[in-house]
Each structure stands twice: as structure tokens, then as C-alpha cells.
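A closer look at the structure
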Amino acid sequence: ASKMLPRQLILIGGLCALVPFQSVFCKEDAYVEGEVLITFKPAIEAEGAKTSLGQHSMQFAEHFDAISRQRGRAAGLVRNKARTTAQLIAELSADSDVEAVEPNYIRHVSTVTPPNDPNFSKLWALSNSGQSENAVAGTSGADTKFLAAWKLAKPDPNEVVIGVLDTGVDVTHQDLAGNIWVNPLETAGNGVDDDGDGLVDDVNGYDFTGGTGVITDSGFHGTHVAGTIAAVGKNGLGVIGVDYKAKILPLKISSDGDSITSSAEIAAINYAVKLKQRGVNIVALNASFGGGSSTTNEKNAISALNTAGIILCAAAGNGDANGAGINNDTTPSYPANYALPNIISVAASDQTDTLASFSNYGATTVDLSAPGVNIYSTVPLTEISVPASLVIGSTTYAAQQPEFSGGTTTAGITRSIYDCGSGNTSEFPTTVKGNIALIKRGTLTFAQKTTNAMKAGAVAAIIYDNVAPDPTDTGVWTLGTNAAWIPVLQVTQTAGAAIQAGLPATGTVISYRDPSLAYAFLDGTSMATPHVTGAVGFAAMNYPSDTVAQRIARILNHVTPVASQAGKTVTGGRLNLLGIVDTDGDGMPDWWETAHFGSLAQTAAGDFDGDGESNLDEFLDATDPADPSAHLAFSGFQVSTSAETGDHFVLSFPTVVDRTYTVQWSETLAADSWTSVGAAVAGTGATVQVVDPADRSTVPKRFYRLHAE
């Protein structure tokens, strides 16, 4: 442990005060007034810490129990709005039981104002052929080598989980829903802490600002970050994540889409440590935010992540007020600047492999760069500018779509509207079946009202407010969980009264948002960092037994060197996914070589088992390079006879997942005489058959060969 100075100078509101305190905070660093983060000395256990706080008429507003156990020091958040932060620090730092007490600092997400051009959807960061994105021409090859890397990835890896410390995530997004982590020990929507972790309904993650399992994105930042990390791949929709086989754990720590308190961040880290201890394979957290002040409590929390085997990927920051990058070696940004072994600090590069003009840098404090300009990724469906509406006759009522509401087609749903009171079960008339329920807001939750409407057979619902509009309230209601809800509209008290007065009536409910539009370009070290976080997940999938140190070395020791970035980061290079999976660059993945040869000493051109097939070909063919009897070969031939089409050869061969096979024929065996028999066949892991459509009686002879790639 580092030695503490007995006194340090603290600047509080422009005044200087001498107190026994470990850190310095300044007036330009925003923090939550009346709150402090506190760490007690190692000899003081949790109960002793509570007793000590009680002597000051205080208590933990939140006890970071998992971090406290990991660090051997009781730590938490103390809140007393009757006192200023400076007063709390002055009083608590004088307590002999206290090791450190600090402000609850506010961080900010690290995004630069994006170009708004949703017509471009190519992910240059993953594959850069020199194409233009947002009218900016790229440099061919200035990418993360995504395609080449995934060709060498394990076909059936263990599940890895990546936490997103951010503004929340739209878990309903078409390109994210399939990759959102699900807590197997929690039952959705029952209002019970099923898994006993102190949090109710943390089914997909948790909101540490609102104390709820509803993790709606308070802006768009977290959803964009999540898409870059692990958007669902190969689904014919939108984009693909760097590690598209990983699961996303949303850890919401911002209620306004921008600001983040240290206490929310630490509470989320504490939760991640608990899950890891429980067996959830969390390998990394993404921290696309930063601020200028360091704190012992935040550093200790990240250190607890290290003990748990979790890497924190942190944005280096987006420069000064004029948009110019700052040298983090001299002007630190936290958490990226903590000298901890499990932090990877990330700068942003552009389409030409140049360090972005806004990106912070640091020859000794920023590890590498990753693409962070014109990054196309997912944004919440609520960002789509297609409003919901209700049309009755010639009147169109403005409406909103509550979170998780079902949608309609572009034409909407046209049915009769029936008054269903406040949504109690007894208030639904039988005639509402197949029609639209009009419900007044009241004591029941929106989910209960909608559930009752669905049980009554309603195909859509309109819920109107029971109070006059509050011009300061722009919030959208929520149904609480992502489920198969009917379309629901949220309208004002005035609109509801008018609709009710006009009954009976026929109306059209429209709540259509085109999910193909829920993508956008963003710039920032916030966008660069998730590329690296996804790379950590990719490394963990292929090399699950690596330690944190080995995993980080696998990434940092195999970047692509960029001359213009030399001296700007520790590595002077840009993220390279291919280097992670194939560190010796021989075309064979390290995991495969180690499994079959016990080392990386074999060459691609070598023939380990002496069967005439090179080591590289054995990998490409998914055969055993240590078994001379293992070859890519047909496993069977037979003749299929049909009165209508004649006789045909049927060729059988075993396949593996993630390989594509082509059967070819030739009459002469000449090198350029081969013709494919039908279309390529995707490997399934089972034996497949390919039928040569040529009638055997009409062709003199044929040779066949099998090709895999």
C-alpha cells in the first residue's frame, strides 16, 4: 500500500483548507453536493464502519459489499444533504477509522457530436477497402482485421459476458435483443429479489441511478456502444458487433444520457464483481466516459475487478473545449489514467489510420487506438423520428409509445374503441374483445392495465393521463419488461377526455417505428473503446484460460503499428483482431496449434502427421493434423435411380460448422477443368449429401473432388 501523507492541500469552492485527506479535488470538477465516497482502514470491518458512521449521525447510503470483501476495506456512499461535501470531508477525514473520503464526482460520456448521415451503413472499422463513409474516403486496410480474425475463431466457444457501464441499453432493439444477458435466477416482473442479490427484477442488468431493473437508455450512448461490442451477427439485419457471439450486460449509471456519478459507477462495478463470483463469465466492462479527478474509491473498485478477473476498457477522452486532443500524460483523465493492470486506455483513430483530432493521447498512459470516427451502430428505437398517433375520424391525437409496447404496421390497427375505466379486470366489457381498450391512468401499473386488456381480448390499448399535462415532464411511460405486449398508446388527460366523450367511435392506433432506421453514426473515444472491449471478449472466447495479464498482452502486443501514432500511445498502434487470434501470423489460430501440436512451433507449410496434407490445409479442412488417417474426403458414394431423371451419383461427406463445402467434377483432371456441382454447402456438423444432376448414362466418366473453405 502506498504511504499516505498526513496532510494535503484541498481546494474547495475557491478556498484552501488543510485536512488529513488523501486526494485533491478542485472547483472545476463537478460532484454531487452532500455526498462522499468513503473507505475505512483494513482493521475496520463492515459493522465497525457502520458504528463509526453512527457516531457522526451518518450511515451508508450504499455499502459496496463485494468490493469491500475483495479489498479488505469497508467502502460505500455516504449522503447527508444537510451538510456540504466539504463539511462531510472535513468531519469524516478526521476520524481515525477512515482511510479515504472523497467527493462523489460526476463523469461524462466521451462522445463527439456526430455527422448525421444514416444512409451509410458500412462498418469501415471492421473492413476498410477505402470506401467513403459520411463522404470521408478511407484507406484500404485501415481496419481491425475483423473478417480475417473471425475465420480463425473457435467455432463453438464458451459464452462470455461484457458489461456496458453507460446510459442504459435498448434491449428491444432488433440487433441487440438476441445478445442481451439474461439472469437465469431472476423472474421477470414479479417484484421479487429472486436471486437474493439485493436487487429486484435484475433480469437483464440494473439501473443504478433509479434503483430498478428497467434499463432503458436515457439517451442513445449506451445502445450505440453495445452495438459495436456485440450486435447480433449474421441475422440479415443492420450491423454486426466486434464480438457478435458475446452477451451484453447493461449497467445503467446515467439518468440523463450524459452525466455519471462515481457512486453509480462503483455500485455497478460492485454488482459485476458479485455476478463474477457467482459464476457469470464477465470478462470485461466498457467505460466510455471520463473526468478529471481521481478517487481512491473508484480506483479500489477497478482493482476489485482485477482480482475478479475482469478487464476495464476506458476511453482516453475527447480533448479540450475547442475539440483538440489532450496529452493524458500531463493532464490525466479518469478512469483511463489509473495505473492499474486491468485497464486498457483507448484513443480514437479515423478511416485513414490517423489519430482523430479530438482524441486524447499519451505515450505512457494511453495504450492503443481503435476506430472512433464515423462509427455506425445501433441507437434506441425511441430515436426514430416516427411518432405514434391515434386517428379518430378527421382528428389526429398526438401520442407516445410506452417502452416495450408492441407495434403496428404502417397502416395501424383500426377497431372500435371501448371505455375500460382504470383498467381493473371487472371494468372491461365483453365487446372489447378484438377491439381497442381506452384506459385511465390510476393505481394499477401500466403493465397490469395492459395485461388485463390483453386477457379481455383487446388488440390495442390507449392509456390517458389522470392529471393535467406537466410541461416539465417529458418522460415516456414503461411496461417494465420486454414481452409480447399489444400496441399501447400514451395520451394526455385532455385527449383522453375528448376520446371518451366521443364514444362510441372507431379509431386507428399507429405505433410503428421502422427498426431498420435505428442506427446512426457517432464519433468519439466512446466509439473507439467498445471495439477494444469487444476484442477482449473475442480473446476470452478463443483463449478462456488466459489471465487478465495474458489477455491484455495478447491485445497490446499484436497491434498494427501506425507511423503517425508513434509516440502518441504506449504501443503506437491500432487494434488488430487477427493478431489476437494468430499471434505468430502463420495463418493458423494459436488455440488450434496449441491443442494439436502443444506449441506454436509448427509452420503452415509443414506436415506434422506426414499424410501429404499441410498443417494449414488440415486447419482449413477441419481435419486432425496429428492423425495421418484424417483427410478431407468423401465418406460414401451411391447411385440414385429415377424413372424420370435417370441415374445420378450421390456423394456424402462429413462437415463441420463454420466451413463451406463445394463439390466439383471434371472429366480430364486438368487443373483448369473443374466445375461445381450445384451451390456451395454450409457445414452443419453432420454428414451431408450432394447429388450430381447429370444422368450417369449420358456422361462417359467423371472425377469428383471436395473443396472446403
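Scroll up to find the structure.
Right, let's walk through the structure included here. Since the structure is predicted, the reported quantities are computational estimates derived from the model, not experimental observations. (Residues numbered from 1 in each chain as written. Predicted model: local features only at pLDDT ≥ 70, side-chain atom pairs only at ≥ 80, totals over all residues. Heavy atoms only, no water.)

**So, the side chain of serine 377**
Note the cut-off: By the criteria applied, helices consist of DSSP H or I runs no shorter than four residues and strands consist of E runs no shorter than two, each listed in order from the N terminus. Three labels apply to residues, based on accessible area from a 1.4 Å probe with only protein chains included: buried if under 20% of the type maximum, exposed if over 50%, partly exposed otherwise in between. Between N or O atoms, a polar contact is any pair within 3.5 Å; within protein, one atom must be a potential hydrogen donor and the other a potential acceptor, and residues adjacent in sequence are included only when both atoms are from side chains. Whether two residues touch is decided by their heavy atoms; if any such pair falls within 4.5 Å, the residues are in contact.
With respect to the helices and strands, the residue serine 377 is situated in strand S18 (residues 375-378). Note on serine 377: relative accessible area 0%, which makes it buried. In this structure the side chain of serine 377 is engaged in a polar contact, spanning 2.8 Å, whose partner is the backbone oxygen of histidine 224. Apart from the residues lying within four places of it in its own chain, the contact partners of serine 377 are His224, Gly227, Thr228, Ala518, Tyr519 and Ala520.

**Thoughts on the sheet that holds strand S34 (residues 687-691)**
Basically, it comes down to this: Two strands pair under a simple rule: DSSP has to find at least two bridges between them. Each axis is a line fitted through C-alpha atoms, taken for helices only over the stretch in contact, and angles between the N-to-C directions span 0 to 180 degrees.
Reading across from one edge, S29-S30-S34 is the order of the 3 strands in this open sheet, with antiparallel pairing throughout. Since the sheet does not close on itself, it has two edges, and those belong to strand S29 (636-642) and S34, each with one partner. Strand-to-strand twist of the sheet, defined as the mean angle between neighbouring strand axes without regard to direction, takes the value 30°. Where strand S30 (residues 646-654) and S34 come together, 5 bridges link them in antiparallel fashion. Among the inter-strand pairings, phenylalanine 653 is bridged to a residue of S34, identified as valine 688.

**Topic: unusual backbone geometry**
With glycine set apart, most residues show a phi of negative sign, and most peptide bonds adopt trans. That bond from tyrosine 334 to proline 335 is cis: its omega, 15°, falls within 30 degrees of zero. Mapped onto the elements of the fold, proline 335 is located in the loop between strand S15 (311-315) and strand S16 (343-349). Here the bond from leucine 503 into proline 504 is cis, since omega is 0°, no more than 30 degrees from zero. On the secondary structure map, proline 504 appears in the loop between helix H9 (493-501) and strand S25 (505-510).

**Details of the environment of isoleucine 215**
Among the structural elements, isoleucine 215 can be located in the loop between strand S10 (206-207) and helix H5 (221-230). With a relative accessible area of 3%, isoleucine 215 lands in the buried category. Spatially, the C-alpha atoms of isoleucine 215 and isoleucine 253 are 9.5 Å apart, while their sequence positions differ by 38 residues. Apart from the residues lying within four places of it in its own chain, the contact partners of isoleucine 215 are Gly168, Val169, Val171, Asn204, Gly205, Tyr206, Asp207, Pro250 and Lys252.

**With respect to the environment of arginine 79**
Looking at the element boundaries, arginine 79 is found in strand S5 (residues 75-79). Taking the C-alpha atoms as reference, arginine 79 lies 7.7 Å from glutamine 59; in sequence the two are 20 residues apart. Apart from the residues lying within four places of it in its own chain, the contact partners of arginine 79 are Gly34, Glu35, Gln59 and Ala61. Here glutamate 35 takes part through its side chain, which lies 2.8 Å from a polar atom of the side chain of arginine 79.

Keep in mind these values describe shape, not function.
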